[in-house]
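# Coordinate inspection notes
Letter by letter, the chains look like this.
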Amino acid sequence: MADLVFEHGGTLDKFIGDALLAVWGAPISAPDDADRALRAAREMQERLDALNRRWLAAGRPPLEIGIGLSAGEVFAGYLGSARRLEYSVMGDPVNVASRLCDDARPGEVLLDQAILDRIAEPPPVERAAEIAVRGKTRPVHVYRLRR
C-alpha cells in the first residue's frame, strides 16, 4: 500500500498500527491531488483483491481494508520537540479522514464532500451517512464509492 501512495504522487506521513496516513498536496501541491488520492485508493482495493485471491488459493486468510478520504487545508511541517521531530500533517481534514477510515467497512472507500468537490470527474457514489466529528459544529456528509 505504501508503494501505491508513492506511485500516485502522495507522501507517506506515517504508519499508525495497521493503518497508514498518506497525504497528497504536501509538501508540494498539484491541481490533481484529489484525483491522484482517489486513484491510489481504487488501486489499493484492486491490488488487495488480487493478493487475497492468491492467499485464498494458498489457504491463507484474506486481508481487509477500509479507506477514508477527505480534503482541505492542513498544517504540514516538522512537528515535535528538540528531542523528537518528524514531518507530519494536522488539521480538520486529517481528523475527518481518520474518522472515515475508522467507519469504512472492509472494501469500502468513504469520502466527504470536500474531496468530492476537488475531484475533476466525480466518481459514482452513494450517500452513506452523516457523522459527527469532534471539533466540527455540523455533521460531515459521507459518501460511499461504488465499485
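Structure: see above.
Residues numbered from 1 in each chain as written. Predicted model: local features only at pLDDT ≥ 70, side-chain atom pairs only at ≥ 80, totals over all residues. Heavy atoms only, no water.

## What to know about unusual backbone geometry
- For the bond from Ala 26 to Pro 27, the omega torsion is 10°, close enough to zero to count as cis.
- Its place among the elements puts Pro 27 in the loop between strand E2 (19-23) and helix H2 (33-57). (Helix = DSSP H or I, 4+ residues; strand = E, 2+ residues; numbered from the N terminus.)

## Quick word on the packing of aromatic side chains
- This model, assessed by the stated rule, comprises one aromatic pair.
- Both rings, one in Tyr 78 and one in Tyr 87, keep their centres 5.6 Å apart while their planes meet at 70°; by these two values the pair is edge-to-face.
- With a relative accessible area of 23%, Tyr 87 lands in the partly exposed category.
- Over the ring of Trp 55 we find Arg 60, and its NZ or CZ is 3.8 Å from the ring centre. (Phe/Tyr/Trp six-rings, centres within 6.5 Å; stacked < 30°, edge-to-face > 60°. Buried < 20%, exposed > 50% of the residue type's maximum accessible area, 1.4 Å probe, protein only. Lys NZ or Arg CZ within 6 Å of the ring centre and 35° of its normal.)

## Section: the pattern of salt bridges
- Enumeration according to the criterion identifies 13 salt bridges in this entry.
- Between Lys 14 and Asp 13 there is a salt bridge whose closest N-O contact spans 3.1 Å.
- The buried category is assigned to Asp 13, whose relative accessible area is 11%.
- The residue Glu 86 makes a salt bridge to Lys 14 at a minimum N-O spacing of 3.9 Å. (Salt bridge = Lys/Arg side-chain N within 4 Å of Asp/Glu carboxyl O.)

## Focus on H2
- Along its 25 residues, H2 runs 36 Å from first to last C-alpha, staying within 8% of the 36 Å computed at 1.5 Å per residue.
- Positive phi shows up at Gly 59, right after H2, with a value of about 80°. (Expected span 1.5 Å × (residues − 1).)

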